[in-house]
Amino acid sequence: MNDPIRLLHKAFELLLKAETIDEVEGILNNLKVEDKYKISTESYPQLRVKITRSEIKGLRATGVIKDNLIGHFDATDPLTKLLYALAWKNGDLKKVRHIVQGICLNENQNNESGLVFNQFGRHLSGEQGEPIVDQHVLRAFGIFQAKNNKAEIEKGRRLKTVKKEHYGLIENYKKWLQNDLTKRLREQPNYAYHVDKVLFAIGKKVKVRRNSK
């Protein structure tokens, strides 16, 4: 299928009919989506981590979290030191506050730099219907939501950075995940992760590249 928009709509058509994880997992191969667009499960294996609000409260009580940032922590644990060093080297320490706010289910839609990380925190909280989102997934869903509106489709294809203007798009995506997919699929554990893999690849494929007019 040479037309990426037709391919996108076909992917959503298959997602809306899917009743099992295996059906969802087969969509990209059925549509012959190239491996270069697929998410690396080596870099991003399925995340099986949950962080509760009570755990954050405990970290605050001991001073590990202060003003929603990392404060004092156990410098004797090698894994803690390694992960802290990695976050420091990548300049990601300030992003912790957005994740913490998300875990505590505090809205953060007015902060462009923290929107994706806030939603990531909401996902980590273990609350139902809180998926991980990124530009590729939102690009795919935005184009699907635009239907036949060519201006909105083109706008969606050029989406590069998730901003506060996309807050509504994130909320619509969450509602779609919770309500529009088949009941049988939604009853299966971690179904959103498998749907996310499909939308990541499709959203990446339809993205307008720099040399595109």
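Scroll up a little and you will see the structure.
Not measured: the values here are computed from a predicted model.

A. Main features of the overall build of the chain. Along its length, the chain carries 11 helices and 2 strands. Along the chain, helices and strands appear, N-terminal first, in the series α-α-α-β-β-α-α-α-α-α-α-α-α. The globule rule puts the C-alpha radius of gyration for 213 residues at 17 Å, and the 19 Å found for the chain is close to it. The principal-axis extent of the C-alpha atoms belonging to the chain is close to 55 × 40 × 30 Å. Put simply, of all contacts in the chain between residues at least 6 apart along the chain, 65% involve residues at least 24 apart. For the chain, the accessible surface area stands at approximately 12900 Å², while carbon and sulfur atoms represent 50% of it. Between the mean site of the 39 positive side-chain charges and the mean site of the 26 negative ones, the chain shows a separation of 5 Å.

B. Molecular detail of the nonpolar core. One finds Leu15, Tyr173, Trp176, Val195 and Leu199 to be the most contacted residues of the largest nonpolar core, which totals 40 residues. For this core, the secondary-structure elements that each account for two or more residues are α1 (4-17), α2 (21-30), α7 (135-146), α9 (167-179) and α11 (191-206). With 8 residues, α11 is the single largest residue contributor to this core. Excluding anything up to four places from it in sequence, tyrosine 173 contacts Pro131, Val133, Val137, Phe141, Val195, Asp196 and Leu199. Grouped together as the second largest cluster of nonpolar side chains are 8 residues, Ile56, Ile65, Val96 and Cys104 included.

C. Fine view of the layout of surface pockets. Put simply, the second largest pocket is a space of about 350 Å³. Elements supplying a minimum of two residues to the lining of the second largest pocket: α7 and α8 (150-157). For the lining of the second largest pocket, the element with the most residues is α7, which contributes 6 residues. By residue class, the composition of the lining of the second largest pocket is 5 nonpolar, 5 polar and 7 charged.

Conventions and cut-offs
Residues numbered from 1 in each chain as written. Predicted model: local features only at pLDDT ≥ 70, side-chain atom pairs only at ≥ 80, totals over all residues. Heavy atoms only, no water. Helix = DSSP H or I, 4+ residues; strand = E, 2+ residues; numbered from the N terminus. Rg over C-alpha atoms; globule rule 2.2 N^0.38 Å. Contact = heavy atoms within 4.5 Å. Areas by Shrake-Rupley, 256 points an atom, 1.4 Å probe, with all protein chains shown as cover. Lys, Arg positive; Asp, Glu negative; His and termini not counted. Charge placed at Lys NZ, Arg CZ, Asp CG, Glu CD. Core = buried A, V, L, I, M, F, W, Y, C linked by side-chain atoms within 4.5 Å. Buried < 20%, exposed > 50% of the residue type's maximum accessible area, 1.4 Å probe, protein only. 1 Å grid on protein atoms, 1.4 Å probe; cavity = no way out; pocket = protein on both sides within 12 Å on 5 of 7 lines; lining within 4 Å. Points joined across faces, edges and corners; volume = space filled by probe spheres on them. Nonpolar A, V, L, I, M, F, W, Y, C, P; charged D, E, K, R; others polar.

Keep in mind these numbers describe shape, not what the thing actually does.
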